[in-house]
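Here is how the chains run, residue by residue.
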Amino acid sequence: MGNLTRRQFIAASGAVCLAASATGQEIMTTKTQVIHTAYFWLKNPDSVVDREQLIAGLQTLRQVPTVKTLHIGLPASTESRDVVDNSFQVSELMFFDDLAGQSEYQAHPIHQAFVKNCSHLWAKVAVKDSITV
């Protein structure tokens, strides 16, 4: 920073922080891909019928126009490690073009019907949403 005084350095640092903050806000308002992941733990974890009913319900979510990609999965038989949690019974991974698309999905009648028709099947659901960087 050369020969900046303490006061000049603090002012410059504040400007950098303000710019970084503005950039972070911009990420939330501009068009950026959203990845939506949900993990489901069934009330009856050994029930193939319940698992298949949940999978059928998840398949209906393909019809929501803002869902660009949908992957439905089951736990993989990968090696056991401390960081791996395969205790769930079903997972889903969705891609949306942007935050607005994900928001539209949440309110869409097909998604609302899925929750109404299938929520009795799960004991727990964990959702993790992220944006592409």
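Residues numbered from 1 in each chain as written. Predicted model: local features only at pLDDT ≥ 70, side-chain atom pairs only at ≥ 80, totals over all residues. Heavy atoms only, no water.

**Q** How do you make sense of the overall build of the protein when you look at a structure like this?
**A** For the protein, the helix and strand inventory stands at four helices and four strands. Each helix and strand of the protein, ordered N terminal to C terminal, gives the series α-β-α-β-β-α-α-β. Here the protein holds 133 residues, and 29% of them are scored as buried. Looking at the protein alone, contacts between residues at least 24 apart form 75% of all its contacts between residues at least 6 apart. Total accessible area on the protein stands at roughly 8800 Å², and carbon and sulfur atoms take up 56% of it. (Helix = DSSP H or I, 4+ residues; strand = E, 2+ residues; numbered from the N terminus. Buried < 20%, exposed > 50% of the residue type's maximum accessible area, 1.4 Å probe, protein only. Contact = heavy atoms within 4.5 Å. Areas by Shrake-Rupley, 256 points an atom, 1.4 Å probe, with all protein chains shown as cover.)

**Q** What am I meant to see in the environment of Lys-43 here?
**A** Within the secondary structure layout, Lys-43 lies in the loop between strand E1 (34-42) and helix H2 (48-60). A sequence separation of 78 residues divides Lys-43 from Leu-121, and the C-alpha atoms of the two residues are 5.9 Å apart.

**Q** Could you clarify how one ought to interpret the pairing of strand E3 (residues 90-96) in this entry?
**A** Each regular strand shows side chains that alternate between the opposite faces of the sheet. Counting buried positions over the seven residues of E3 gives five, a clear majority of the element. Summarising the sheet, E1 and E3 pair through seven bridges and their orientation is antiparallel. Note that in E3 the partner of Val-34 across the bridge is Phe-96. Taken together, the five bridges between strand E2 (residues 69-73) and E3 define a ladder with antiparallel strand orientation. Residue pairing in the sheet places Leu-70 in a bridge with Met-94 of E3. (Pairing = 2+ DSSP bridges.)

**Q** How should I be thinking about the sheet that holds strand E4 (residues 122-131) in this particular structure?
**A** Two strands in a sheet stick together by hydrogen bonds in their backbones, pointing the same way (parallel) or opposite ways (antiparallel). Strands sit in the order E2-E3-E1-E4 across an open sheet of four strands; the sheet is antiparallel. In this open sheet, the two edge strands, each paired with only one partner strand, are E2 and E4. Across the sheet, the axes of successive neighbouring strands diverge by a mean angle of 15°, strand direction being ignored. When E1 meets E4, the two strands line up antiparallel, connected through nine bridges. Across the sheet, residue Tyr-39 finds its bridge partner in E4, namely Ala-126. (Axes fitted to C-alpha atoms, helices over the stretch in contact; angles between N-to-C directions.)

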